[in-house]
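# Architecture and fold: a report
Residue-level listing of the chains:
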Amino acid sequence: MRRGVLLALGLVVLGLAFGALWLWLAPRVPLVADGKAVYLKDSEGEQPVGADGTFALIGLGLGILTGLAVFLWRRAGGATLVLGMAVGALLGSVVAWRLGVWLGPTQDVVAHAKEVGKNVTFDAPLKLAAKGTLLAWPLAACVVHLLLTAAFGPRDPSPYGMDGVPAWTTPGGEPKRWADPGTTGGATGSGDTGPGGRAGQGGTGGPGAPSPYAPPPAG
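Before going into details, it helps to say that this report is about the structure given with it. (Residues numbered from 1 in each chain as written. Predicted model: local features only at pLDDT ≥ 70, side-chain atom pairs only at ≥ 80, totals over all residues. Heavy atoms only, no water.)

On the surface, Met1, Val5, Leu6 and Leu9 cluster together into a nonpolar patch covering about 430 Å² of accessible area. Within the fold, Val5 resides in helix α1 (residues 2-25). Given a relative accessible area of 40%, Val5 falls into the partly exposed group. (Patch = residues over 30% accessible without salt bridge, like charges linked within 9 Å, V, L, I, M, F, W, Y side chains within 5 Å. Areas by Shrake-Rupley, 256 points an atom, 1.4 Å probe, with all protein chains shown as cover. Salt bridge = Lys/Arg side-chain N within 4 Å of Asp/Glu carboxyl O. Helix = DSSP H or I, 4+ residues; strand = E, 2+ residues; numbered from the N terminus. Buried < 20%, exposed > 50% of the residue type's maximum accessible area, 1.4 Å probe, protein only.)

The next subject is helix α3 (residues 79-103). In a regular helix each residue adds 1.5 Å, so 25 residues correspond to 36 Å; α3 covers 36 Å between its end C-alpha atoms and thus fits that length. Of the surrounding secondary structure, the elements contacted by the buried residues of α3 are α1, α2 (47-73) and α5 (136-152). (Expected span 1.5 Å × (residues − 1). Contact = heavy atoms within 4.5 Å.)

Further remarks concern the packing of aromatic side chains. A full pass over the atoms with the stated rule returns three aromatic pairs. Geometrically, the ring pair formed by Phe18 and Trp137 is edge-to-face, given 5.8 Å between the ring centres and 80° between the ring planes. Of this pair, Phe18 sits in helix α1 while Trp137 sits in helix α5, and the two are 119 residues apart along the sequence. Accessibility classification places Phe18 together with Trp137 in one group, the buried group. One aromatic cluster is present, built from ring pairs that chain together Phe18, Trp22, Phe55 and Trp137. (Phe/Tyr/Trp six-rings, centres within 6.5 Å; stacked < 30°, edge-to-face > 60°.)

This is how it looks when you write it as structure tokens:
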């Protein structure tokens, strides 16, 4: 429980770096005012979508690194650790979003337009239109951690030992096991055959008896 809480807190702090990186890499949306209204300078530009895409890509990258780091830290995993990772990554994404918006251009577009004057280009506030991108970090982290645990995680020992698995069965379906040579001594036997179809050493045919499927001797 303690490790899960510490992991969540660490990822929330990492969200501060996430927000600063998003603010630095996100494309700016240029605006211009004519004294009556504020318009997009490039009405066909893809800058608003680019801000969401940048946030999602950074979140996916952090998710891959987070899942790998947590797996290397605790290969045994655990529900508490995975829950702390998911919650911490989600809260870190929210922190990154709000920090980027706060540090970005002012949200008061009208006042900003009056300040810069007519026909002067200025940056629109940084926004995250697709709120689903907040899940990019936690989902990527959980998926990567799950795949690594399934591929390289520790395995539980089998509840059955080597002697607990029947080597073969009788025609009636009842399990039978190999006879222990140390106890039979090869003197007697039931004549049962193993998986290879070879008669036991103590079978009814005797040590020198020919195979029942061998052809009769000529002459």
